Structures are given as structure tokens and as C-alpha cells.
Amino acid sequence: MNTPLLSTHGLVARYGDFQALYGIDFEIGKGEVVALIGANGAGKSTLLRSIIGLLRVAPEMVILDGRPVGGCRPHRMIADGVAIVPEGRRLFTGMSVEDNLRVAIDHARVTRNAAWTLEGIFALFPILREKRRVPVESLSGGQQQMVAIGRALLNQPRLLLCDEISLGLAPKVVREIYQSIPSISQSGTSIVLVEQDVGLAKSASDRLYCMLEGRTTLTGRSRDISREAIAEAYFGGSHALA
Ligand SMILES: Nc1ncnc2c1ncn2[C@@H]1O[C@H](COP(=O)(O)OP(=O)(O)OP(=O)(O)O)[C@@H](O)[C@H]1O
Ligand SMILES: [Mg+2]
């Protein structure tokens, strides 16, 4: 890879006395889709939170465009082109779909050409156009996830961090949401997909990292990684393949 868009170097993260990450080396290039898999508590969300600045880490542990940005606050990271679709979506209830999306437009300090517009989001997820006036809490879980993705895209990210966007959704809805991933990456936005569904993670990504107990246990091109290698990295060496 040429200079990565974003990389982490020996990234360690703590919650008080508890150390959650033990030296993560991660990188993602422009337009790349990278999946992050691993069991509950492996540290996937913590890695995303450390990148976006929700957890304080040392400056040189996160490099964006060759510049140390570790520990920068989330609003700075968003202005620098990193957006997150957080675990649990965090939409503004009591507001319409369109107003939820407009919040991002109003707050985006767009210095680059705006690649994503409200119309672009409606083209990506046509159901949201139909539901634009409806209170966001009356949408289905999948539709709410589309709003969360749309809102993140309206920050005009160069890097989109997605935390378990398929969680709790029916397979058909998961497919609909994952169909948007190629269009997003083709627009030049790199995507990190935290995903519990290993098959989905593998098929939707160019490269993959597996995490276990705060460390990366496997990385490589998604199409080259075997199911056996993933099983070993996912559960640790002592577990037999399920
Ligand atoms: N706010 C917090 N305070 C203390 N410990 C935390 C906090 N958030 C996460 N942890 C701990 O950090 C470790 C990593 O958690 P993290 O949420 O990053 O895992 P994850 O891989 O995203 O798991 P999941 O698949 O369940 O979302 C876990 O041991 C978890 O208990
Ligand atoms: Mg998580």
C-alpha cells in the first residue's frame, strides 16, 4: 500500500485501570474497505473510539495523512474527515428523518467539495426519501441504521467507521445495507466495518483484521484468509474449529 490514509501504531487504550488495547497496528488506504472482526469484548469498538478521539491516546499512535492525530477531540477528527456510525445508532428521537440528516449538514465544516448531499443519501437509501417527514423513532431498526449511515456520510468523511451496522437486523435488511458499501467506497471514502458476522465481513471487505483480547491476531487480504485461520484467530489457538 502507498501511504495509508489512516494508521495506528502500537495503540494502547485504557478505561481507568483496565487496559483494553495492547499495541494495535492497523492501517487503511484510500477507498479501501477493511473489516474488523472478533468476539465480544475483543476491543473493536475501543479501537474505533480511540481513532475518533472518544478515548485519549498518545498523538503518534494515530496517524492521518502522515500527521499525528491521536487524542484529538471527535469534532476535530470529524472536521478532518473521519466519521463514525456508532454502536446503537444514537439518533435524535423526536426529530424527523430529514432533520436528523440535516443536523450533520449544519454541523459539517465542509472545506472539500461536498460529495454527499441529502439527495445522494436518498439515492443510496430510497426508503428514507419516502420517510423523510416521519419521526425517526417510528422507523424500523434497519431504516434507522440507514439514517445513521446517511448522517455520518453528510459529514463528508474520507474515512467512515461503522460499528456493527448489521446488529439485530433481519438478513434481508442487512443485505440492503451492505449493498450500499461498494457505492460508498467507490465515492472515495474508506470504510472500517466492525462486524460480528464473519462471512459478511469477509465478503464485504478488501482486507480484514481479527482481534482477540485487545490484540490483533490475524490480518490479510479477505479473499486469501481461510475459515480455519479465522477460527483460530477469533477464539485463540487452543480452540477447535466449530
Ligand atoms: N466504558 C468502559 N469502561 C470500562 N471497560 C470498558 C468500557 N467499554 C468497554 N470496556 C471493556 O473493554 C474491552 C473491549 O470492549 P469493546 O467494547 O471495545 O469490545 P468489542 O470488541 O467492541 O465487543 P462487542 O462485540 O461486544 O461490541 C472489554 O473487556 C470491555 O468490557
Ligand atoms: Mg463493540
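Everything below is about the structure shown above.
No experiment lies behind these values; they were computed from the predicted model shown.

Cut-offs applied
- Residues numbered from 1 in each chain as written.
- Chains lettered and ligands numbered in written order.
- Predicted model: local features only at pLDDT ≥ 70, side-chain atom pairs only at ≥ 80, totals over all residues.
- Heavy atoms only, no water.
- Donors = N, O, S within 2.8 Å, 3.2 Å for Na, K, Ca; no water.
- Helix = DSSP H or I, 4+ residues; strand = E, 2+ residues; numbered from the N terminus.
- Buried < 20%, exposed > 50% of the residue type's maximum accessible area, 1.4 Å probe, protein only.
- Axes fitted to C-alpha atoms, helices over the stretch in contact; angles between N-to-C directions.
- Parallel < 35°, antiparallel > 145°, perpendicular 65-115°, else oblique.
- Left-handed = near helix turned anticlockwise from the far one by under 90°.
- Contact = heavy atoms within 4.5 Å.
- Expected span 1.5 Å × (residues − 1).
- Arc of directions from axis to C-beta.
- Pairing = 2+ DSSP bridges.
- Near = heavy atom within 4 Å.
- Polar contact = N/O pair within 3.5 Å; in protein donor to acceptor, adjacent residues only side chain to side chain.
- Areas by Shrake-Rupley, 256 points an atom, 1.4 Å probe, with all protein chains shown as cover.
- Salt bridge = Lys/Arg side-chain N within 4 Å of Asp/Glu carboxyl O.

**Q** What is the right way to read the coordination of the magnesium ion (ligand 2) from this model?
**A** Octahedral metal centres with six donors ideally show angles of 90 or 180 degrees, and tetrahedral centres with four donors ideally show 109.5 degrees. Binding of the magnesium ion (ligand 2) to the protein goes through Ser45 (OG) and Glu87 (OE), at separations of 2.0 to 2.5 Å. Of this pair, serine 45 sits in helix H1 (residues 44-52) while glutamate 87 sits in the loop between strand E6 (82-85) and helix H3 (97-107), and the two are 42 residues apart along the sequence. Under the relative-accessibility criterion, glutamate 87 is labelled partly exposed at 34%.

**Q** Explanation requested: the packing of helix H6 (residues 141-153) against helix H7 (residues 171-186) in the structure shown.
**A** When two helices pack together, you describe them by how their axes are tilted relative to each other and by the distance separating the axes. One can describe the packing of H6 onto H7 by two numbers: an axis separation of 10 Å at closest approach and a directional angle of 15°. With respect to their mutual orientation, H6 and H7 come out roughly parallel. Crossing handedness for the pair H6 and H7: right-handed. Where H6 approaches H7, its residues Gly142, Gln145, Met146, Ile149 and Leu153 are matched on the opposing element by Val173, Glu176, Ile177 and Ile184.

**Q** How do you make sense of H7 when you look at a structure like this?
**A** One turn of an α-helix holds 3.6 residues; hence residues three or four places apart share an orientation. The end-to-end C-alpha distance of H7 is 24 Å, a good match for the 22 Å that 16 residues give at a rise of 1.5 Å each. Within the span of H7, buried status applies to Val174, Ile177, Tyr178, Ser180, Ile181, Ile184 and Ser185. Seen end-on, H7 carries its buried residues on one side only, within an arc spanning 150°. Across H7 from its buried face, at more than 90 degrees, point the exposed residues Lys172, Arg175, Gln179 and Gln186. Looking at the buried positions of H7, the neighbouring elements they touch are strand E3 (33-38), helix H4 (118-124), H6, strand E7 (159-163), strand E8 (190-194) and helix H8 (198-204). Positive backbone phi, approximately 105°, marks glycine 188, located one or two places after H7.

**Q** Would you mind showing me how to read the sheet that holds strand E2 (residues 18-28) here?
**A** Strand order in this open sheet of four strands is E2-E1-E4-E5, and the pairing throughout is antiparallel. Because the sheet does not close on itself, it has two edges, and the strands there are E2 and strand E5 (67-68). Strand direction decides the pairing type here: strand E1 (residues 6-15) and E2, joined by eight bridges, are antiparallel. Its bridge partner lying in E2, alanine 13 is registered against leucine 21. On the sheet, H1 packs against E1, E2 and strand E4 (62-64) and is oriented at approximately 110° with respect to E1.

**Q** Help me understand the pairing of E7 in this model?
**A** For a regular strand, side-chain orientation follows a simple rule: the groups alternate between the two sheet faces. Within E7, five of the five residues are buried, which leaves it mostly tucked inside the rest of the structure. The side-chain alternation of E7 yields two buried faces, one formed by Leu159, Leu161 and Asp163 and the other by Leu160 and Cys162. In terms of strand pairing, E7 meets E8 through five bridges, oriented parallel. Directly across from leucine 159, in E8, lies its bridge partner serine 190.

**Q** Before we go on, may I ask you to explain the site of ligand 1 in this structure?
**A** Around ligand 1, the surrounding shell holds 15 residues, and the nearest of these are Gly41, Lys44, Ser45, Thr46 and Gln196. Here an oxygen atom of ligand 1 sits 3.2 Å away from a polar atom, N or O, in the main chain of alanine 42. A total of 630 Å² of accessible area belongs to ligand 1 in isolation, and the protein chains cover 65% of it. Residue assignment for the shell around ligand 1 shows that the elements contributing at least two residues are E2 and H1. Ranked by residue count, the leading element in the shell around ligand 1 is H1, at four residues.

**Q** Where do I start with the pattern of salt bridges in this structure?
**A** Two side chains carrying opposite charge are able to pair once their charged atoms lie near each other. Within the structure shown, the criterion is met by 10 salt bridges. When the shortest N-O distance is used, the salt bridge between arginine 67 and aspartate 80 registers 3.4 Å. Pair noted here: arginine 67 is in strand E5 and aspartate 80 is in the loop between helix H2 (74-79) and E6, with a separation of 13 residues, a long-range link. By relative accessible area, arginine 67 is classed as partly exposed at 36%. A salt bridge links arginine 132 to glutamate 98, with the shortest nitrogen-to-oxygen separation between them at 2.7 Å. Taken as a pair, arginine 132 in the loop between helix H5 (126-130) and H6 and glutamate 98 in helix H3 lie far apart in primary sequence, 34 residues in all. A single network of salt bridges, built from pairs that share partners, joins Glu98, Arg102, Arg132 and Arg133.

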